[in-house]
Amino acid sequence: MTSQVFYRKWRPQTLAEVVGQEPITQTLLHALETGRVAHAYLFCGPRGTGKTSTGRILAKAVNCTTNGKGEPCNSCEMCQATAQGRALDVIEIDAASNRGIDEIRELREKVNFAPNVAKSKVYIIDEVHMLTEPASNALLKTLEECPPYVIFILATTEPHKMLPTVLSRCQRFDFRRLSQTAIASKLGYICEKEGIEAESQALKLISRSASGSLRDAENLLEQLVTYYSYHIDTSQVEDMLGITTDYRVSELAEHIAHKDIARGLKTINSVASDGLDLGQFNRALIEYLRGMLLVKSGGEEALDITPEDLAQIKELVQGLLLEEILTAIKLFAQIDFRSSSSSPLPLELALVESLLPQEREEAILVKSGASHFEAEHLAQGSEPPHLEPDSPFEYLSTQWSEFVDSLRGMGSGGNLDAFLRSACEPVAIEGDTLVLGFYHPFHKDRIENPKYRHLVENKLAERFGTPSKVHCILKLRAKPPAAEDHLVKAVLEMGGRIIDTTKNSGEAR
Ligand SMILES: [Zn+2]
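What you see as residue numbers is a count from 1 along each chain, following the sequence as written. In keeping with the predicted nature of the model, local features appear solely for residues at pLDDT of at least 70, side-chain atom pairs appear and are counted solely at 80 or more, and the whole-chain, interface and lining totals rest on all residues. Only hydrogens and water are removed before side-chain values are computed, so all heavy atoms of the structure are retained for them.

Peer 1: Now, about empty space enclosed by the protein: what can you tell me, with residues and values included?
Peer 2: For each structure, a 1 Å grid was placed over the protein atoms alone; sets of points admitting a 1.4 Å probe that cannot get out are labelled cavities, open sets with protein on both sides within 12 Å along at least five of seven lines are labelled pockets, and lining residues have an atom within 4 Å of a point. Grid points are joined across faces, edges and corners, and a volume is the space filled by probe spheres set on the points. According to the stated counting rule, one finds two cavities of 30 Å³ or more in the structure shown. Volume-wise, the largest cavity comes out at about 90 Å³. What lines the largest cavity is a set of 11 residues, among which Ile256, Leu320, Glu324, Ile325 and Leu355 lie closest to the centre. Helix and strand assignments come from DSSP, with helices taken as H or I runs of at least 4 residues and strands as E runs of at least 2, each series counted from the N terminus. Those elements giving two or more residues to the lining of the largest cavity turn out to be helix H14 (278-296), helix H16 (322-333) and helix H17 (345-355). Ranked by the residues each element gives to the lining of the largest cavity, the list is headed by H16, at three residues. Of the residues in the lining of the largest cavity, the class split is eight nonpolar, one polar and two charged. Residue polarity follows a fixed list, in which Ala, Val, Leu, Ile, Met, Phe, Trp, Tyr, Cys and Pro are nonpolar, Asp, Glu, Lys and Arg are charged, and the others, Gly among them, are polar.

Peer 1: Give a detailed account of the sheet that holds strand E10 (residues 469-474), specifying residues and quantitative values.
Peer 2: Two strands are said to pair when DSSP picks up at least two bridges between them. Taken in spatial order, the three strands of this open sheet run E8-E9-E10, and their pairing is mixed. At either end of the open sheet lies a strand with only one pairing partner, and these are strand E8 (424-430) and E10. The mean inter-strand angle of the sheet, taken between neighbouring strand axes irrespective of direction, is 30°. Bridging between E8 and strand E9 (residues 433-438) involves six bridges; their strand directions are antiparallel. Counted as the bridge partner of Ala428 is Val435 from E9. Residues are treated as being in contact if the distance between any of their heavy atoms lies within 4.5 Å. To define axes, lines are fitted to C-alpha atoms, for helices over the stretch in contact only, and angles between the resulting N-to-C directions are given on a 0 to 180 degree scale. Here helix H21 (residues 441-448) sits on the sheet and contacts E9 and E10; the angle it forms with E10, its principal contact strand, is near 165°.

Peer 1: Quick one: what's the story with the coordination of the zinc ion, residue by residue and with numbers?
Peer 2: Metal coordination here is assigned from N, O and S atoms located within 2.8 Å of the ion, or within 3.2 Å for Na, K and Ca; omission of water means that sites may look incomplete. Protein ligation of the zinc ion involves Cys64 (SG), Cys73 (SG), Cys76 (SG) and Cys79 (SG), the donor distances falling in the range 2.2 to 2.3 Å. Note on geometry labels: four donors, all angles 85 to 135 degrees, give tetrahedral; four donors become square planar and six octahedral when opposite donors are over 155 degrees apart and every other angle is between 65 and 115; remaining cases are irregular. Here the zinc ion binds four donor atoms, and the angle range of 103 to 118° at the metal identifies the geometry as tetrahedral. Binding-site remark: the zinc ion is held by donors from one chain whose sequence spacing is C-x8-C-x2-C-x2-C. Of this pair, Cys64 sits in the loop between helix H3 (51-63) and helix H4 (77-83) while Cys79 sits in helix H4, placing them 15 residues apart in sequence. For the pair Cys64 and Cys79, one class covers both residues: buried. Relative accessible area decides the class of each residue, using a 1.4 Å probe on protein chains only: under 20% of the type maximum gives buried, over 50% gives exposed, and in between gives partly exposed.

Peer 1: Could you give an account of the environment of Leu154, naming the residues involved and the relevant values?
Peer 2: With respect to the helices and strands, the residue Leu154 is situated in strand E4 (residues 150-156). Non-local contacts of Leu154, meaning those with residues more than four positions away in its chain, are made with Tyr41, Leu42, Phe43, Ile125, Val128, Leu139, Met162, Val166 and Cys170.

Peer 1: Let's hear about the environment of Thr52: which residues, and what values?
Peer 2: For Thr52, the location among the structural elements is in helix H3. Aside from chain neighbours lying at most four places away, what touches Thr52 is Tyr7, Arg11, Asp126 and Ala155. N or O atoms closer than or at 3.5 Å make up a polar contact, with two conditions inside protein: a donor-capable atom paired with an acceptor-capable one, and, for residues adjacent in sequence, both atoms drawn from side chains. A polar contact of 3.3 Å, which involves the side chain of Thr52, links it to the side chain of Arg11.

Written as structure tokens, this is what we have:
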């Protein structure tokens, strides 16, 4: 827990100082100026958005002996007493505490006594949804018989848990999550006043992580100052926040939206090389993609995010089909990190696969037993090269899966087998060289690295004698062969033959 020094010290003291709730503060200011202050207000909204701060300002304003209208003066005895929490006629109740319940009962009795010194008696009841049913009923009775000098300000994060009869007696204001810009600008102000040097990118990162709660942002800034003293840079913020709020989640989502495999792979690898928890990263990514799905399907009300995040997501989904987002979510959600939690491979494969959907619709003609290389020729309408039944290539093709299995435990992550199984397939044998076709340049580069290539070549020599060399080529187009479809796979396993897989026009996708 932080001491909330910044939060308390930099609390707004006037309506004009309340950040990011202009429609509410404007309305309240107008009510104060025209003497039309209501008797019961309900302030709803997420934590840290200024509900109780606004309540206190309102309490000061109605009782201010200098101004009497509009903003409080903050210097008269009433304003000072209220700000310091010692004004007898401004009563704050925390409904979440046990004492809160007793205080409501007490309130019923005391509400009929006129204010001690102030014009109005103001009750600020925080977390009002936490009241028990009897206490809520007591509150309702009080609201119904409210003397003219009493003002209730009820604050809650969960208005749906309140009695409708209580709700209907209040003038309701919904406090919004603050925009990142509004939070960052308030943080910048605090830094300036406190003599903190902070990179603007660092403040942006704090603002983003606070999900619209100024209090959270202020507390985080205070924590950073406690840890790192008065100079805050981006990497310190990143260290403190960990991955859940890492900007690379939205960065990867952006690459997915722009169908940019190369950049997407770069992002995944930067996350992996920083030693971050990939499972956690994946969960955050799925959550982000879910946001995209909701926005694309018109269900954005279900999202509780800042205006900036919503705007970013809206922009991202513009060029996307609902099906494409759905495919990406399914592929990332299928990842099981239990076996190799430190390898970025599953994320890479999910990325590549989610961005190559068109190719699944390519017309691929596969005869039973034909290699994909052969299938490609068939698909192009040309004759496949003649293959003797027992050609070395055909033999190797039938042995390939077993060969790949034998590489288990090799490679830096111990998963060279999984890598090869998903990243490539044998394409041809040329002399003593096996040609491997890779679906993506990034994976091809990895096997071309002598460190990995030698592992494969040694194993090849050991198992087949010849070929004993590996040559890597790109083979983007034939990646998702029909045989990868789980239904087709099942049929093949039962001895079926694929005669013709013409364009299946995206059905079931
Ligand atoms: Zn005053």
